[in-house]
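Chains, contacts and geometry: an overview
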Number of protein chains: 4
Amino acid sequence: MKIKTGDCVLLLSSDNKTFLVDIKDGKIFSTHLGTLKLGDAIGKGYGEVIQTQLGKRFFLLDPTLEDRMMKARRLTQIIYPKDAALILLKTGILSGYRVIECGVGSGVLTMALSNAVFPDGRIYSYDRREDFLDNAKRNVTEAGFGELVEFKLRDVNDGFDETDVDVVILDLPSPWEGVSPAARSIRGGGRIASLSPTFNQVEKMVESLTNEGFINLESLEILIRKFLVRSGKTRPFERMVSHTGFLTFGRKAIV
Amino acid sequence: MKIKTGDCVLLLSSDNKTFLVDIKDGKIFSTHLGTLKLGDAIGKGYGEVIQTQLGKRFFLLDPTLEDRMMKARRLTQIIYPKDAALILLKTGILSGYRVIECGVGSGVLTMALSNAVFPDGRIYSYDRREDFLDNAKRNVTEAGFGELVEFKLRDVNDGFDETDVDVVILDLPSPWEGVSPAARSIRGGGRIASLSPTFNQVEKMVESLTNEGFINLESLEILIRKFLVRSGKTRPFERMVSHTGFLTFGRKAIV
Amino acid sequence: MKIKTGDCVLLLSSDNKTFLVDIKDGKIFSTHLGTLKLGDAIGKGYGEVIQTQLGKRFFLLDPTLEDRMMKARRLTQIIYPKDAALILLKTGILSGYRVIECGVGSGVLTMALSNAVFPDGRIYSYDRREDFLDNAKRNVTEAGFGELVEFKLRDVNDGFDETDVDVVILDLPSPWEGVSPAARSIRGGGRIASLSPTFNQVEKMVESLTNEGFINLESLEILIRKFLVRSGKTRPFERMVSHTGFLTFGRKAIV
Amino acid sequence: MKIKTGDCVLLLSSDNKTFLVDIKDGKIFSTHLGTLKLGDAIGKGYGEVIQTQLGKRFFLLDPTLEDRMMKARRLTQIIYPKDAALILLKTGILSGYRVIECGVGSGVLTMALSNAVFPDGRIYSYDRREDFLDNAKRNVTEAGFGELVEFKLRDVNDGFDETDVDVVILDLPSPWEGVSPAARSIRGGGRIASLSPTFNQVEKMVESLTNEGFINLESLEILIRKFLVRSGKTRPFERMVSHTGFLTFGRKAIV
């Protein structure tokens, strides 16, 4: 598969820096290691190399979902891929699922959700900020998932239109405001998930979930520790991200 | 959607224990809280309840992928869902991808991979132990992914049949033995991942990947910390799983 | 230095189990590897060995402060050595210091405090439970620090007798009840520390400390991760203690 | 106790920054919040305040051992207080102990060791770099522990002069070179400790300790997680130090 005009390509430098670019003949891209002519990529394959005018090599890579998430235009704090990955698994999102997401932020989780329900599922993405929705829509569309997502300008307190959805995900400052609306929209056995930075939010969320009859509640955080691997001198890196948010999960009971 | 004979259902007790059962009229299932008549579930919806002869309630839930992974019949140490979730994301597996997995173990990662490439992708699952392959096949088939997976009895040193695959995953005691075969089978820009319990394996794996020209190498571990959330007295749980394995990722360069 | 009757010795088995015993001629001590005649230790040196009737070897070791802490008779949850060690350092306890401890528990922290203020300092250990005080006194005395500690039966709300102490340590279910009494008893620049299992306690404690004018507040937790080190196959242990408590520190301002 | 000329004082700003200064009349000290006349501190008590010309307040505090450790003049990577604190506890250093330290670095651990053996113990601090020894000596002397420490210019391979010491601590790039010398110098039942940044060093160290007959081996790391505590919105800090080094401990057997 050869790279052509309009393709979105991840450039990887020799010092492991990455850049997400749209390939176009005549386009110049400046880096810390010199300038690249992006047209040089046309006709090359993924994994191959183009060079700056200084002779520095950049690999041409097809961006993964994680690359697209990390490079999305951000108007908000984004969800880390580690958190998105576990949300997908814990909520058990399958191809064909219908999912409500409230608090769309920059649309980063929306990408991951869309990919998971592909090709027949549907994501209903609510936010009360029009600028967030616009930016998210642009990010999701560029990642190729525009068809699967319906964006809706709405405050969580006004509820959701859909019923019988499989999963609801709440990424809100006050996620407990979404628990009653979610309870009305989720099918029996369906899953709910929320993300929150503070313990106080987690506590209040778990109270709301309990009151609304959600079951199998679980609250957790994910820590990623990276290693500097070198023959004979391998060790953890000296600094790490130690907090992105707490995740809370539950399932809808019918009682 | 009503539960019917033959459905695979997750039973959840009031004390948060889960059991994966196949529903059949006349079948009795014994638990720590008394016995259930599984036929009682027929005609009920997910999220509803059946009771033991002692009046103890069990919720009827549709199992998520994670539930199926954790309840799979094990002949080997299984891959934890947290690790599987990040492998899926980091390797960027999309619907339609072709993926080689070597070291199929109990087929737990196979389930997650199959779900990710659904409906048009393909998983090629190699193992040199016939008993492992048989058990994995049974687990994967019961999870509904049998059609997407080709199981192959083969030692890693004999290489893989496929070329131009998108991703190779090595879950082997000596994953470096799979690096050359993987390099021949992966397309340019495709991803490789391995799992290993010891630092020494990680170090040796990274050396092999470097020698074979893989790029963008990353080694990490994932820690999940769970919280006991109760109003006014929230705290982390006192014990946790502190090691399941190290993950190493890379991408295929063409040079 | 030879071991003699009455010495307190740590026995270490070949499988790394430890037992704290008082040496006495004629005394028999039963272990999972057979019985030991403790009199056999008399006249031996530390680091030497005695054997069970089955020929299993036990090393004779002089117990460290940590050994004594871990082997103390417990009527309560004890403070972990890792937490005690950091409390000593963060509160800057020096030889000669006068320290109030409220919530004496099993006297385990008392031992560490006594050792730190040796030989001229003084520990004032308050508790409202007489049985706790009695047990703590016995543990501290057996560890050889009896002379340095004054035990006082008193509820925290009735305040402390001492003034101008260097450090106050609160190990109470409601440590904020001790903040005003502590403020009256600590000298300018002196330190306060508390231990609490929940986030809610930490939050309430920090509010109280702020209100009473304590400065340089810091809240943290300590995690210890242990490794299974074997040539060519080194890895973290698979389970760990993931929560013992949160520590909060502050200093007394004069305003 | 009033502050006087020559006292070493910790200045704490309203935004929690600290500075270690020697008080002297007429001395000006510049900070990010304006300049302080250090003479203003004379006659004040600890916990009291002096102000910059801009009216910004700085608290006058007596530095703890940790403050002195963190503010020591550094020619090398220093030992973190969390690691030093656990070394003291695990090696069971008591007042009166005789301790060898090899690899004196900037003398930061030396301070902590000196404080622990005060008033009658002795620290023998070896290093093969004269500049390190000179700097360490200055740091230790300023912290008030000069009398307790003997500094020796020596490569570890040339062994130690002392015998029958209670504890040996190795902070060397190749700590295994110190194991045989340590074995000759430690009394029966005495403790050894080492610090190393990489897994490979830990593995090699444990092999050496095993070969020399050390027992009760333990390797671990300490992680400190700090919390941002604010009423109703408490959470972990977003970044942390995730690696300072691994600690290995053992005891000397006589066989």
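Rules behind the numbers
Residues numbered from 1 in each chain as written. Chains lettered and ligands numbered in written order. Predicted model: local features only at pLDDT ≥ 70, side-chain atom pairs only at ≥ 80, totals over all residues. Heavy atoms only, no water. Core = buried A, V, L, I, M, F, W, Y, C linked by side-chain atoms within 4.5 Å. Buried < 20%, exposed > 50% of the residue type's maximum accessible area, 1.4 Å probe, protein only. Contact = heavy atoms within 4.5 Å. Salt bridge = Lys/Arg side-chain N within 4 Å of Asp/Glu carboxyl O. Helix = DSSP H or I, 4+ residues; strand = E, 2+ residues; numbered from the N terminus. Pairing = 2+ DSSP bridges. Axes fitted to C-alpha atoms, helices over the stretch in contact; angles between N-to-C directions. Least-squares fit on C-alpha atoms with pLDDT ≥ 70 in both. Buried area = accessible area lost by both parts, 1.4 Å probe. Phe/Tyr/Trp six-rings, centres within 6.5 Å; stacked < 30°, edge-to-face > 60°. Lys NZ or Arg CZ within 6 Å of the ring centre and 35° of its normal. pLDDT = per-residue confidence, 0-100.

Moving on, we get to the nonpolar core. A:Ile93, A:Val99, A:Ile169, B:Ile93, B:Val99 and B:Ile169 are the most contacted members of the largest nonpolar core, which totals 76 residues. Leave out the neighbours within four places in its chain, and B:Val99 touches B:Ile93, B:Leu113, B:Val117, B:Arg122, B:Ile123, B:Tyr124, B:Val167 and B:Ile169. C:Phe249, D:Met69, D:Ala116 and D:Leu220 belong to the second largest nonpolar core, which has 72 residues in total.

A side chain with one charge may pair with a side chain of the opposite charge, provided their charged atoms come close. Under the criterion given, the structure shown has 84 salt bridges over all chains. Among the salt bridges present, the one from B:Asp161 reaches B:Arg154, with a minimum N-O distance of 2.9 Å. By relative accessible area, which is 46% here, B:Asp161 ends up partly exposed. Residue C:Arg251 is joined to D:Asp67 by a salt bridge in which the shortest nitrogen-to-oxygen separation is 3.0 Å. Of this pair, C:Arg251 sits in strand β15 (residues 246-252) while D:Asp67 is found in helix α1 (residues 65-71), placing the two residues in two different chains. Judged by its relative accessible area of 7%, C:Arg251 is buried. The network of salt bridges with shared partners includes A:Arg122, A:Glu150, A:Lys152, A:Arg154, A:Asp161 and A:Glu162.

Looking now at the sheet that holds strand β2 (residues 18-22) of chain D. All names here are of chain D. As summarised here, the arrangement of the four strands in space is β2-β1-β6-β5, forming an open sheet in which the pairing is antiparallel. Two strands close off the open sheet at either side, each with one partner strand: β2 and β5 (49-51). This sheet shows a mean twist of 35° between the axes of neighbouring strands, independent of strand direction. In this structure, β5 lies alongside strand β6 (residues 57-61), joined through three bridges in antiparallel fashion. Residue pairing for β6: valine 49 is matched across the bridge by phenylalanine 59.

Before going further, it helps to examine the relation of the copies chain C and chain D. After a rotation of 180° and a shift along the axis of 0.0 Å, chain C superposes on chain D with an RMSD of 0.0 Å. Expressed as a symmetry operation, the mapping of one chain copy onto the other fits a two-fold axis. By residue overlap, the copies meet face to face through one surface: 100% of the interface positions of chain C are interface positions in chain D.

The next point concerns the environment of C:Gly159. All names here are of chain C. By the secondary structure assignment, glycine 159 is in the loop between β9 (149-153) and β10 (165-170). Given the relative accessible area of 6%, glycine 159 is considered buried. When the C-alpha atoms of glycine 159 and glutamate 177 are compared, they prove to be 9.5 Å apart, with 18 residues separating the residues in sequence. When near neighbours in sequence (up to four residues on either side) are disregarded, glycine 159 contacts Tyr126, Arg154 and Pro181.

In this complex, chain C contributes 64 residues to the contact, which on the side of chain D involves 64 residues. With both chains or domains summed, chain C and chain D bury close to 5,000 Å², and 61% of this area falls on carbon and sulfur atoms. On the chain C side of the interface with chain D, the three residues burying the most area are C:Leu89, C:Phe227 and C:Arg251, jointly 12% of the side's total. Where chain C touches chain D, the interface holds 12 salt bridges. Among the salt bridges present, the one from D:Glu218 reaches C:Lys226, with a minimum N-O distance of 3.4 Å. Secondary structure elements with two or more residues in the side of chain C that touches chain D: β1 (8-13), β6 (57-61), α1 (65-71), α2 (81-90), β11 (186-196), α6 (199-211), β12 (214-228) and β15 of chain C. Top contributing element to the side of chain C that touches chain D by residue count: β12(C), with 13 residues. Across nine bridges, the pairing between β12(C) and strand β12 (residues 214-228) of chain D is antiparallel.

Turning our eyes to something else, we now look at the packing of aromatic side chains. Under the definition given, this model contains 30 aromatic pairs over all chains. Ring plane angle 35° and centroid distance 4.6 Å describe the contact between D:Phe199 and D:Phe246, whose orientation is recorded as tilted. In this pair, D:Phe199 is assigned in helix α6 (residues 199-211) and D:Phe246 in strand β15 (residues 246-252), connecting sequence segments 47 residues apart. Members of the aromatic cluster, joined through ring pairs, are A:Phe199, A:Phe246, B:Phe227, C:Phe199, C:Phe246 and D:Phe227. Note that A:Arg129 overlies the ring of A:Phe132, its terminal NZ or CZ placed 4.1 Å from the centroid.

Let us look at the pairing of strand β2 (residues 18-22) of chain C. Successive residues of a regular strand alternate their side chains across the two faces of the sheet. Residues and elements named next belong to chain C. Looking at chain direction, β1 and β2 are connected through five bridges and run antiparallel. Paired with leucine 11 across the strands is phenylalanine 19, a residue of β2. The loop that links β1 with its antiparallel partner β2 comprises four residues; one of these, asparagine 16, has a positive phi angle of about 70°.

This next bit is on the confidence of the model for chain A. In this model, chain A carries an average pLDDT of 96, and 100% of its residues clear a pLDDT of 70 or more. At the level of chain-chain contacts, confidence expressed as ipTM amounts to 0.95, with global pTM at 0.96.

Turning our attention to the interface of chain C and chain B. The partner chain B presents 22 residues to the 22 residues of chain C that form the contact. Carbon and sulfur atoms make up 53% of the surface buried where chain C meets chain B, a total of about 1,800 Å² over both sides. Three residues, C:Arg225, C:Ser242 and C:His243, lead the burial of chain C against chain B; their summed loss comes to 25% of the area buried on that side. Note that C:Glu221 and B:Arg225 form a salt bridge whose closest N and O atoms lie 2.6 Å from each other. Looking at the side of chain C that touches chain B, the elements that each hand over two or more residues are α6, β12, β13 (235-236) and β14 (239-241) of chain C. The leading source of residues in the side of chain C that touches chain B is β12(C), at four residues.

The next point concerns the environment of C:Asp158. Residues and elements named next belong to chain C. Tracing the chain through its elements places aspartate 158 in the loop between β9 and β10. You can call aspartate 158 exposed: its relative accessible area is 56%. Each C-alpha atom of the pair aspartate 158 and phenylalanine 237 lies 46 Å from the other, and the pair is 79 residues apart in sequence.

Below, the discussion takes up the sheet that holds β6(C). Residues and elements named next belong to chain C. Within the open sheet, the four strands sit side by side as β2-β1-β6-β5. Their pairing is antiparallel. Pairing within the sheet leaves two strands with one partner each, and these edge strands are β2 and β5 (49-51). Ignoring strand direction, the axes of neighbouring strands in this sheet form an average angle of 35°.

It is worth spelling out the pairing of strand β3 (residues 28-31) of chain B at this point. All names here are of chain B. With four bridges joining them, β3 and strand β4 (residues 34-37) adopt antiparallel strand pairing. Note that in β4 the partner of isoleucine 28 across the bridge is lysine 37. Connecting β3 to the antiparallel partner β4 that follows it, the hairpin turn spans two residues.

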